[in-house]
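Residue-level listing of the chains:
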Amino acid sequence: GNARGGNARGGNARGGNARGGNVKGSNNAKGGNNAKGGNNAKGGNGSGGASQRKQAMKTRVNEPVLCDLVTVEPIMINASEPEPETMFCVMDGDYESDGINGIMYEINRTAFEPGFFDDLELDGTDSLSIANAEVDLVENHGGGIIGGAVGGAVPLKQRGMGQGGRPKNHNNKGRGGGHGKLSNSRQLSPRLGVSDLLVLYAVPLDVQNYKTIDQYRNDIFGIAPSGEVQDPVNVITQTEACSRGKLKYVPASVSNCAVIVNGMMNVPIDKNVTGEESGIVVNWVQTKAQEILKATCGSINLSSDFNQVMVIAPEEVKWGGAAAWAQMPGYLSAFRDVYADRMGVQLHEFGHNLGMHHSGDGTLPYADHSCMMGNPSYDNNGPQICWNAAKSWESGWYEEDSVTVTPSASGEFIQLVGVADWVTEKYTRGMHRVVLQILDSSIANDLDYYVIYNRAKGPNAGVNFAKNQVTISTGKAREVSWHQAGLAEGQIFRKPGYNSGSQDLVVKVCEMSTGTEVMPDTAGVLIYLDNGQEADNGPKCGDTTTNAPTPVATSMCGVDHLIEVDITTDLWPTEISWELFDICTGSEILLKAKGSAGYAGYTQNQAQDIDKTCAPPGEYLFRIYDSVGDGIYSPGGYQIKLNGKVVVELETRRSYWEQEHKFGECPSSGTPPPITPSPVTPSPVTPSPVTP
């Protein structure tokens, strides 16, 4: 490059040497994007899509570097194509000309000392600081390769960052050697909560995308153009369905920013892109988008102001065999236009942004098709599939209804429910589980076992791989998970030498049952240790009391009763509270209004709240209180169901301080003990004057 101020850009860092590669005057971007692919790109040189290996466009410079380390993972169209591991740096904007954030650089790992990167977890919290780095740059913030350290290089562990939130601001910025600031520009896509998604629609000079921006808006967000049918299945609907709303993608929006419309942004780039590496093109798109946002919407930063950014670029770009690729973990993904409308590809790459690696079977890293981190389909609207056991555990969505099992010779029996019945809450917390983890120190690479009921139903209805079986996979965070077994009723999985010991781990499916309107479909599994297949001396299905025959269940609570209290508040929710008693025991409170303390039971106006509990057969007393004595106004009200049947319902509003309803019957005769009502202090009443 041309040096700013006359000094050739080379060994001098920012100062006499033009800053970043986008040397003022030469327009060479400092560093560049090195998205997936590249030198050692996934799938080989250039394969996987984001190589920066275009010699004619590169300029070699020496510059200080501070960047966040990531890997970039593709979904390959040919699943058998190999994927060498590739590492990239997401450059801090302070080290990039024009302050552009998010430009990705490929790291040539062979140029660093052996073992330099070995201790990094690449979990989104690792940075790289180099006092004087050798960088091959691509023009106009297009990309580049960090080829090694001329000056000191130090990998850094960021603090205060993790999957699910924006990084904390670190203020002590330095200039290299590892003592500079930790980058504050990087966003990690959250696994829980609301995640705003911005889609950048590339508009180059020479070719156009497969669909219009409005059509992609429908394919991604389900926002249909006038006169067209709304897309029924996309990454938004499928993520919300599989997670029961624990993760929701929403169209990004910025106040007074007309260039973003329902989550989409047109990004015209004044370049031809045919034959260019996708990583270079994605960097050009990011750069132009930030220029437009800065000019029209104020200080907006792609890599820190949006949870996720998705780039759509034409098929004529060089994708290296990939349908799409994404940072793992991170905020950025890039899609070949003809695959950008496919729900399976969308969910797969967004899974990488969440930190998930692929799901494999045998020797193929995509071949576990019970999970969207494989490649079960490239169809537009499906199939509808969620995660396998290992990825389900990693997601954190099912944490409250999952458990770690410690195998023993006596065994443990657990009833599993599929994701669909978990989503509709047709299960009993504490009785049913979604995912099981079995820790095993004897597996290579510290992988553990995970177990799930792969029920083909609801958001998982499209699964065909190990359909309706109990599936077992090995895995750990940010590693490829591997399918181990799919078990039907009566089948077992055996792992000799469990935990490096002399006993075998055995997982046996004892029973599978189809549920009802109020009961879930279940798979009963027995997990135990024995002395090997020949001895077969472990517990048997039905041996223990948990497996003993039970009376016919009347609800999801087994022989107990399912009680559902359905409250809809009015405009004065804090006035309402209630309690549910077991009359047969005299004083036991079975359930209370959520958060009730005095009368402060609810806080949301005109909101529905349903509480459920399982109770022994008996007679019950429901007592509802109103702190001002005027009752719940329409459209509010309440309803109580016993085993799915309505037994109490408020049909018309009535005034009350306290109101009682009894239902059910004690199992034995006799007079139930009295219940002492909770104290209720009525509002003071001023007596009317009396004339003598």
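Residues numbered from 1 in each chain as written. Predicted model: local features only at pLDDT ≥ 70, side-chain atom pairs only at ≥ 80, totals over all residues. Heavy atoms only, no water.

As for the sheet that holds strand 19 (residues 469-475)
So, point 1. In spatial order, the strands read 13-20-19-18-17-14; together these six strands make up an open sheet with mixed pairing. Pairing within the sheet leaves two strands with one partner each, and these edge strands are strand 13 (359-361) and strand 14 (403-404).
So, point 2. With four bridges joining them, strand 17 (residues 435-438) and strand 18 (residues 448-454) adopt antiparallel strand pairing. Looking at strand 18, one finds that Q437 is bridged to Y450. (Pairing = 2+ DSSP bridges. Helix = DSSP H or I, 4+ residues; strand = E, 2+ residues; numbered from the N terminus.)

Brief notes about the confidence of the model for the chain
So, point 1. In the predicted model, the chain carries a mean pLDDT of 78, and the fraction of residues at 70 or more is 78%.
So, point 2. Ranking the elements of the chain by mean pLDDT puts strand 6 (residues 153-157) last, at 69, and strand 9 (residues 264-268) first, at 97.
So, point 3. When the criterion is pLDDT under 50, residues 1-49 qualifies, and its contacts beyond four places in sequence or with other chains add up to 232 contacts.
So, point 4. Predicted confidence for residues 544-555 stays below pLDDT 50, and this span has 18 contacts to residues more than four positions away or in other chains. (pLDDT = per-residue confidence, 0-100. Contact = heavy atoms within 4.5 Å.)

Considerations on the sheet that holds strand 24 (residues 561-568)
So, point 1. With respect to topology, four strands assemble into an open sheet ordered 27-24-29-30, the strand pairing being antiparallel. Only two strands of the sheet have a single partner each, and these edge strands are strand 27 (608-615) and strand 30 (645-649). Along the sheet, successive strands turn relative to each other by an average axial angle of 20 degrees, direction set aside.
So, point 2. As paired elements, strand 24 and strand 27 share eight bridges and run antiparallel to each other. By the bridge assignment, I567 is partnered in strand 27 with D609. (Axes fitted to C-alpha atoms, helices over the stretch in contact; angles between N-to-C directions.)

Points about the environment of W578
So, point 1. Of note, W578 is situated in strand 25 (residues 576-582).
So, point 2. Residue class for W578 comes out buried when judged on its relative accessible area of 1%.
So, point 3. Measuring from C-alpha to C-alpha, the distance between W578 and E658 comes to 9.1 Å, with 80 residues separating the pair along the chain. (Buried < 20%, exposed > 50% of the residue type's maximum accessible area, 1.4 Å probe, protein only.)

Structural notes on helix 3 (residues 278-297)
So, point 1. Its 20 residues give helix 3 an end-to-end C-alpha distance of 27 Å, which sits within 8% of 28 Å, the value for a rise of 1.5 Å per residue.
So, point 2. Burial analysis of helix 3 places 15 of its 20 residues in the buried class, which makes it a mostly covered element.
So, point 3. Immediately downstream of helix 3, the backbone of G298 shows phi near 90 degrees, a positive value. (Expected span 1.5 Å × (residues − 1).)

Side note on the packing of helix 2 (residues 235-243) against helix 5 (residues 343-353)
So, point 1. Look at helix 2 against helix 5: their axes get within 9 Å of each other, and the N-to-C directions meet at 60 degrees. Judged by the inter-axis angle, helix 2 sits oblique to helix 5. Between helix 2 and helix 5 the crossing geometry is right-handed. Residue-level contacts link V235, Q238 and T239 of helix 2 to M343, Q346, L347 and F350 of helix 5. (Parallel < 35°, antiparallel > 145°, perpendicular 65-115°, else oblique. Left-handed = near helix turned anticlockwise from the far one by under 90°.)

Concerning the packing of aromatic side chains
The description of two aromatic rings rests on the distance between their centres and on the angle between their planes.
So, point 1. Per the stated rule, a full pass over the model turns up 15 aromatic pairs.
So, point 2. Ring centres of F116 and F117 lie 4.7 Å apart, and the angle between their planes is 85 degrees; on these two criteria the pair is classed as edge-to-face. A single burial state applies to F116 and to F117, both of which are buried.
So, point 3. One aromatic cluster is present, built from ring pairs that chain together W387, W397, Y398 and W422. (Phe/Tyr/Trp six-rings, centres within 6.5 Å; stacked < 30°, edge-to-face > 60°.)

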